[in-house]
Amino acid sequence: MSLIDNLVVPASLHDVEGRFLHMNAAAERASGNSNAELLGRHYTALLAPEERGKVEAQFRRAAERGEPTDFESEFIDASGCQRGVRAQHLPLRSNDEIVGVLILAFEVGRPLSQLDRDPQPRLTPRQREILELIASGASTSVMAKKLTLSTETVRNHVRNVLRELHVHTRLEAIAAARRIGLLAPPALAAAQPGQESENQAERAVS
């Protein structure tokens, strides 16, 4: 439990049936629910109704077959706001038996309806290294020194990464890579004041 509580990413622990056993402070803030409120409840209680079938299938993969999953869905926080989330279901074992599932949650940066529209970029191992360095904020000269390359070679790699991601700047590259899972997205945060009304307005006109 202490390991889960020390995670900065929202995390919740579930038995193999999907019932809440524990959630960390980051998950409490993100969902707007307390540990005590969710203890013993099923994880589907927080899901948008149309998402339950898909998420249950992912959970069963982790709980029954021991396969980690990584997918995107929507949940409803305590204020009634429907929010996009990238979830990872990680099976937990004891003596070769699956005894629970750890769920991690990350922020989604664009509407879920757009997630499957863009083809997945094909980055080489070197381009992935460059992408990680871009995300770390490294300059061209720092990348060149770290990778033992010339600055012009690094610039070429950066240009190729931007082209593969269909973006024009390094900042756009970071955002695009997080959306499609090439970089770890930021941890799911608590809803910002006014977000609920904004989302309700968006749903009203959609």
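Definitions and limits used
Residues numbered from 1 in each chain as written. Predicted model: local features only at pLDDT ≥ 70, side-chain atom pairs only at ≥ 80, totals over all residues. Heavy atoms only, no water. Salt bridge = Lys/Arg side-chain N within 4 Å of Asp/Glu carboxyl O. Buried < 20%, exposed > 50% of the residue type's maximum accessible area, 1.4 Å probe, protein only. Helix = DSSP H or I, 4+ residues; strand = E, 2+ residues; numbered from the N terminus. Expected span 1.5 Å × (residues − 1). Arc of directions from axis to C-beta. Contact = heavy atoms within 4.5 Å. Pairing = 2+ DSSP bridges. Axes fitted to C-alpha atoms, helices over the stretch in contact; angles between N-to-C directions. pLDDT = per-residue confidence, 0-100. Parallel < 35°, antiparallel > 145°, perpendicular 65-115°, else oblique. Nonpolar A, V, L, I, M, F, W, Y, C, P; charged D, E, K, R; others polar.

Asks: Can you lay out the pattern of salt bridges for me, pointing to particular residues and giving the numbers?
Replies: According to the stated counting rule, one finds 10 salt bridges in the structure shown. Put simply, R19 and D15 hold a salt bridge, and the shortest N to O gap is 2.9 Å. On the accessibility criterion, R19 (40% relative accessible area) is partly exposed. The salt bridge involving R83 is made with D77; its shortest N-O contact spans 3.9 Å. Across the pair, exposure class does not vary: R83 and D77 are buried alike.

Asks: Can you tell me about helix α4 (residues 52-65), naming the residues and giving the values?
Replies: Between the first and last C-alpha of α4 there are 19 Å, a value that for 14 residues agrees with the 20 Å anticipated at 1.5 Å per step. Within α4 the residues assigned to the buried category are V55, Q58, F59, A62 and A63. Down the axis of α4, the buried side of the element spans an arc of 125 degrees, and every buried residue falls inside it. With respect to the buried face of α4, the exposed residues turned more than 90 degrees away are E64 and R65. In this structure, the buried side of α4 is in contact with β1 (11-14), β3 (69-76), β4 (82-94) and β5 (97-107).

Asks: I'd like to hear about the environment of E132, residue by residue, with values.
Replies: For E132, the location among the structural elements is in helix α5 (residues 125-136). With 50 residues separating them in the primary sequence, E132 and L182 have C-alpha atoms 9.0 Å apart. Apart from residues lying up to four places away in sequence, E132 is in contact with L182 and L183.

Asks: So what about the sheet that holds β4? Which residues, and what values?
Replies: With antiparallel pairing, five strands are arranged side by side in an open sheet as β2-β1-β5-β4-β3. Strands at the two margins of the open sheet, each flanked by one partner only, are β2 (20-23) and β3. With direction set aside, neighbouring strand axes in the sheet form an average angle of 30 degrees. Pairing between β3 and β4: eight bridges, direction antiparallel. Bridging across to β4, F71 finds its partner in A87. Strand contacts of α4: β1, β3, β4 and β5, with the helix running at about 140 degrees to β5, the strand carrying the most contacts.

Asks: An account of unusual backbone geometry is requested, with residue identities and associated values reported.
Replies: Positive phi outside glycine occurs at D96, with the angle close to 65 degrees. Secondary-structure assignment places D96 in the loop between β4 and β5. Using a relative accessible area of 77% as the deciding quantity, one classes D96 as exposed.

Asks: Run through the confidence of the model for the protein chain, naming residues and quoting values.
Replies: Per-residue confidence for the protein chain gives a mean pLDDT of 84; residues scoring 70 or more make up 83%. Low confidence marks residues 110-118, where pLDDT is under 50. Its contacts with residues over four positions away, or in another chain, come to nine contacts. A low-confidence stretch, residues 201-206 (pLDDT under 50), is modelled with two contacts involving residues beyond four sequence positions or located in other chains.

Asks: Can you tell me about the packing of α5 against helix α7 (residues 151-165), naming the residues and giving the values?
Replies: Running from N to C, α5 and α7 point in directions that differ by 90 degrees, and their axes come no closer than 9 Å. When the axes of α5 and α7 are compared, the pair comes out roughly perpendicular. Contacts between α5 and α7 pair R126, Q127, I130, L131 and I134 from the former with V154, H157, V158, N160, V161, E164 and L165 from the latter. A class-by-class count of the residues in the contact of α5 with α7 yields seven nonpolar, three polar and two charged.

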